[in-house]
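Below, each chain spelled out in residue letters.
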Amino acid sequence: MERQPLRIPPLVDARKEGNAVALRVQAGATEFFPGRASASLGYSGGYLGPSIRIYRGDNVEIAVTNTLKEDTTVHWHGLLIPAELDGGPHQIIVPGDTWRPRLPIRQPAATLFYHSHIHGRTGAQVYSGLAGLLLVTDEGERALALPSEYGVDDLPVVIQDRQFDDGLMVVPQGMMTMMQGRRGNTILANGTPNATARVPNRLVRLRLVNGSNARIYDLSFGDNRAFHWIASEGGLLDRPISVRSLTLAPGERGEVLVDFSNGQAVSLKTAPDTNMNMPMMIGPLAQARKLAKEILGGQGEAVLQFVPVGGLGTPSKIPERLVERPRADPSKANTRRRFVLGMGGMMGGGTRSGGGMVINGRPFDMNRIDEDVRLGETEIWEVSGEMMSHPFHIHGVQFEVLSRNGGKPILRDTGARDTVLVKEPVELLVHFDQPAEKAPFMYHCHILEHEDNGMMGQFRTI
Ligand SMILES: [Cu+2]
């Protein structure tokens, strides 16, 4: 397969636009492979949307015009804003309409992820291309002088698996697909199959975003080099963590620094994906991986190749410390809630609608508030998942992982987060400081087909 240069989504700097940004939700035709135009969706483009740089302290109006023939919403995943601005299933934009939320940006620098959240069609709309990045910046981040030249040494990398038949993207359907979540036989980076990025021969920042509907990536470099993890979903970590691999579940983001000063071309690759529900996992791991390869397209493979330019460079220094962040105090949490993400319908006889995707035994209902939380409180949410691992996302908050499976959190749980992978129980320390009176906030599985089929609930803060 011919290599293609990594596509870089256009950058929209909100301040340069007077903090008034316009997005057009549109249908398009995208040549993922040259000469083969696939039907796709995008924001102000054929597939995906611009990266929007927004500044802490500003108020940014984003006018979203829906030119599709179907309803949509735009959820600002990770943004800490009141629920009526959140773009969840209740903020529907009907065809021809424009939605104009004015977003107060009051949180630390982070890589956030906007995407469709229309109930029942989120999976299909995101798979077709309705996703993009919000890059929050602040003074603390800029003072660190991290690589920040967009598209040069600060690269967005939205990783997605998509199904291609004869060079054309297709949106998989069917019961099995809904159970496992939509996967695909081809990995795209910013919509580019078999992508190559030319990078300077020095330190480069990658904003790695798992934009897949269902697939988990276990990312590492072809030469097993160490790299530095500097930011989780909620923003910068206290200090860089040297790692050789990073796991990202759907909806998760991780910023890393990679030193390309040795001038050597290297691939970012992923391990095979084996996250599927239990009946398919019975038997030895090798068999499960074979099944994963055949059914889910989940073989280990390259995501993106890097080619440094300029030959041998000078190794860069990594800052020892990044940011100080206030920590919530677990002793202040008086309320504990438990959530079980269930897939009971199929196993239990398939009597429930939507394949039995539930939280605490109940499928999502737009008209039911599941939890009332007191505004300003800190709570412990204990979350576990059945049958397979589920990325659990809560809107309007950041949280920390207090424990996993009764023990200490694992490396992957580090930092302020809005999404966490669960199967074994995790305890999350969640602080609620965004109002949700006029509309509720969601919590759900970020395997989008699980979410669409009912693995979602809603809460108010009152
Ligand atoms: Cu799930």
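None of these values were measured; they are calculated from a predicted model. (Residues numbered from 1 in each chain as written. Predicted model: local features only at pLDDT ≥ 70, side-chain atom pairs only at ≥ 80, totals over all residues.)

**Here we look at the overall build of the chain**
Secondary structure summary: the chain contains 7 helices and 34 strands in total. Relative to its length of 462 residues, the chain is compact, with a C-alpha radius of gyration of 21 Å against a globular reference of 23 Å. C-alpha atoms of the chain, sized along the principal axes, occupy 60 × 50 × 45 Å. At a minimum sequence separation of 6, the contacts of the chain that also span at least 24 residues come to 77%. (Helix = DSSP H or I, 4+ residues; strand = E, 2+ residues; numbered from the N terminus. Rg over C-alpha atoms; globule rule 2.2 N^0.38 Å. Contact = placed C-beta atoms within 7 Å.)

**Comments concerning the domain arrangement of the chain**
The assigned domain composition of the chain is domain 1 (4-138), domain 2 (154-309) and domain 3 (330-461). Counting from both sides, the interface comprises 24 residues of domain 2 and, opposite them, 23 residues of domain 3. Breaking the side of domain 2 that touches domain 3 down by element, the ones donating at least two residues are helix H3 (175-180) and strand S20 (235-243). Ranked by residues supplied to the side of domain 2 that touches domain 3, first place goes to H3 with 4 residues. Per-class residue counts for the side of domain 2 that touches domain 3 are 11 nonpolar, 10 polar and 3 charged. (Domains from an automatic or database assignment. Nonpolar A, V, L, I, M, F, W, Y, C, P; charged D, E, K, R; others polar.)

**Considering the nonpolar core**
Membership of the largest hydrophobic core comes to 113 residues, with the highest contact counts inside it found for Leu134, Val157, Leu208, Val256 and Leu428. Filtering out sequence-adjacent residues up to four positions away, valine 256 remains in contact with Leu206, Leu208, Phe227, His228, Trp229, Ile230 and Leu246. (Core = buried A, V, L, I, M, F, W, Y, C linked by C-beta atoms within 7 Å. Buried ≥ 20, exposed ≤ 12 C-beta atoms within 10 Å, placed from the backbone.)

**Examining the sheet that holds strand S29 (residues 390-394)**
Spatial strand order, S27-S34-S33-S29-S31: 5 strands in an open sheet with mixed pairing. On the outer flanks of this sheet lie strand S27 (371-373) and strand S31 (419-422), each paired with one strand and no other. The mean inter-strand angle of the sheet, taken between neighbouring strand axes irrespective of direction, is 25°. Pairing analysis gives 5 bridges linking strand S33 (residues 436-445) to strand S34 (residues 456-461), with the strands arranged antiparallel. The residue of S34 that forms the bridge with methionine 442 is glutamine 458. (Pairing = 2+ DSSP bridges. Axes fitted to C-alpha atoms, helices over the stretch in contact; angles between N-to-C directions.)

**Description of the pairing of strand S25 (residues 335-343)**
Side chains on a regular strand alternate between the two faces of the sheet. Where S25 and strand S28 (residues 378-385) come together, 7 bridges link them in parallel fashion. The residue of S28 that forms the bridge with valine 340 is serine 384. Two elements, S25 and strand S26 (residues 357-359), share 3 bridges in a ladder whose sense is antiparallel. The residue of S26 that forms the bridge with leucine 341 is isoleucine 359.

**Regarding unusual backbone geometry**
In the Ramachandran plot, serine 44 falls in the positive-phi region, its phi being about 55° despite a non-glycine side chain. Summarising the element assignment, serine 44 is placed in the loop between strand S4 (36-43) and strand S5 (51-55). Take serine 44: there are 19 C-beta atoms within 10 Å of it, and that puts it in the partly exposed class. Backbone geometry at leucine 48 places phi at a positive 60°, although glycine is not the residue there.

**Let's talk about the sheet that holds S25**
Taking strand neighbours across the sheet as the criterion, the 5 strands line up as S26-S25-S28-S32-S30 in an open arrangement whose pairing is mixed. Of all strands in the sheet, those with a lone pairing partner are S26 and strand S30 (398-404), marking the two edges. With strand direction ignored, the average angle separating the axes of adjacent strands in the sheet is 25°.

**Re the environment of asparagine 405**
Tracing the backbone through its elements, the reader meets asparagine 405 in the loop between S30 and S31. Other than its neighbours up to four places away in sequence, asparagine 405 contacts Glu424 and Pro425.

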